[in-house]
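Below, each chain spelled out in residue letters.
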Amino acid sequence: MKRRDLLKLAGLLSFASATYAFGYDKKLVKNTNDMKVKDPTHPTDFEYKHLPEIKIGDKDKKGYSLVEVSIGQHGIIHPSTAKHWIYEIDLYVDGKEVSKVSLEPIESRGYLASRVKLDGVKEISATSRCTLHGNYTYSMKV
Ligand SMILES: [Fe+2]
């Protein structure tokens, strides 16, 4: 490639990165604290709204189980508005992060699906990250 072509390409890449912004605006994340449910035997509706709900589905031919995480338990769904939404969900198997999703406000809401090997696994957990209310983790025995 000639020097002139390289300069053209560099100019195009610079234009593209300045023109297209990928990912949500990080300045909208106001709370990154790890939150605790005050009474785990009786979470409030506010806490249910932030807690991940984990569902384990079928196992494929390679031994990977479908794991779905939806944010909000007991039918209380977390909102997804311009300044208040679940911007990330992390999935852990026996404490090891195995999947992560980054979400845009309005067009998407708190949901993650992943295929995971669960043979011998004892615990699966997920963390939801709300822009305003912090991080909520839910764990379940497998
Ligand atoms: Fe929230």
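Right, let's walk through the structure included here. Sequence order as written defines the numbering, with residues in each chain counted from 1. Where totals are concerned, whole chains, interfaces and linings use all residues; where local detail is concerned, this predicted model gives features only for residues with pLDDT of at least 70, and gives and counts side-chain atom pairs only at 80 or more. Heavy atoms from the whole structure form the basis of all side-chain values; hydrogens and water molecules are not counted.

We now examine the overall build of the protein. In this text, helices come from DSSP runs of H or I with a minimum length of four residues, and strands from runs of E with a minimum of two, each type numbered from the N-terminal end. Secondary structure assignment for the protein yields two helices and seven strands. A buried classification covers 36% of the 142 residues belonging to the protein. Sequence-distant contacts in the protein: of pairs separated by 6 or more residues, those separated by 24 or more amount to 58%. For the protein, the accessible area works out to roughly 9,300 Å², and carbon and sulfur atoms hold 56% of it. Whether a residue is buried, partly exposed or exposed follows from its accessible area with a 1.4 Å probe, protein chains only, as a fraction of its type maximum: under 20%, in between, or over 50%, in that order. Working rule for contacts: check all heavy atoms of both residues, and any pair within 4.5 Å makes them a contact. Each accessible area value is a Shrake-Rupley result obtained with a 1.4 Å probe; residue values ignore everything except the protein chains displayed when judging cover.

Here we come to the sheet that holds strand β6 (residues 123-130). Any two strands are treated as partners once DSSP identifies two or more bridges connecting them. Here we have four strands laid out as an open sheet, ordered β4-β3-β6-β7, and antiparallel in their pairing. Either end of the sheet is taken by a strand with one partner, and the two such strands are β4 (96-102) and β7 (134-141). The average undirected angle you get between the axes of adjacent strands in this sheet is 15 degrees. Bridging between strand β3 (residues 86-93) and β4 involves six bridges; their strand directions are antiparallel. Angular values range over 0 to 180 degrees, each being the angle between N-to-C directions of two axes fitted as lines to C-alpha atoms, with helices fitted over their stretch in contact.

What follows covers the coordination of the iron ion. Listed donor atoms are N, O and S within 2.8 Å of the metal (Na, K and Ca: 3.2 Å). As water is not included, a site may look incomplete. At 2.1 to 2.4 Å from the iron ion lie its protein donor atoms, namely H50 (NE2), H78 (NE2), H84 (NE2), C130 (SG) and H133 (ND1). Mapping the donors of the iron ion onto the primary sequence gives the spacing H-x27-H-x5-H-x45-C-x2-H. On the criterion of sequence distance, the pair formed by H50 in helix α2 (residues 45-50) and H78 in the loop between β2 (64-71) and β3 is long-range, its members being 28 residues apart. Among the residues examined, H78 registers a relative accessible area of 3% and is labelled buried.

Of all hydrophobic cores here, the largest spans 16 residues; its most connected members are V67, V69, I89, L91, L118 and I124. For this core, the elements supplying multiple residues, two or more each, are β2, β3, β5 (111-117) and β6. The dominant element in this core, judged by the number of residues it contributes, is β3, at four residues. Every residue in contact with I89, bar those within four places of it in the chain, is listed here: V69, I71, S99, K100, V101, L103, G110, Y111, L112 and T127. Grouping buried Ala, Val, Leu, Ile, Met, Phe, Trp, Tyr and Cys residues that are joined through side-chain atoms within 4.5 Å yields what is termed a nonpolar core.

Another point: the environment of T41. With respect to the helices, strands and loops of the structure, T41 is situated in the loop between α1 (3-19) and α2. As used in this structure description, the phrase polar contact means that two N or O atoms lie within 3.5 Å; if the pair is within protein, one of them must be able to donate a hydrogen and the other to accept it, and residues adjacent in sequence are counted only when both atoms belong to side chains. A polar side-chain atom of T41 sits 2.6 Å from a polar atom in the side chain of D39. Of the polar contacts made by the side chain of T41, one reaches the side chain of H42; its length is 3.1 Å.

This next bit is on unusual backbone geometry. Here D94, not a glycine, exhibits a phi torsion of approximately 50 degrees, which is positive. The residue I106 is not glycine, and still its phi comes out positive at about 70 degrees. Of note, I106 is situated in the loop between β4 and β5.

Another aspect to go through is the pattern of salt bridges. Two side chains carrying opposite charge are able to pair once their charged atoms lie near each other. Here a salt bridge means any side-chain nitrogen of Lys or Arg lying within 4 Å of a carboxyl oxygen belonging to Asp or Glu. Counted under the stated rule, the structure contains nine salt bridges. One salt bridge in this structure joins K100 and E88, with 3.6 Å as the shortest N-O distance. Here K100 is found in strand β4, whereas its partner E88 is found in strand β3, with twelve residues between them in sequence. When the shortest N-O distance is used, the salt bridge between R129 and E88 registers 3.6 Å. Placement of R129 in strand β6 and of E88 in strand β3 is noted, with a sequence separation of 41 residues between them. Judged by its relative accessible area of 16%, E88 falls in the buried class. Taken together, the shared-partner salt bridges in this structure form one network comprising E88, D90, E97, K100 and R129.

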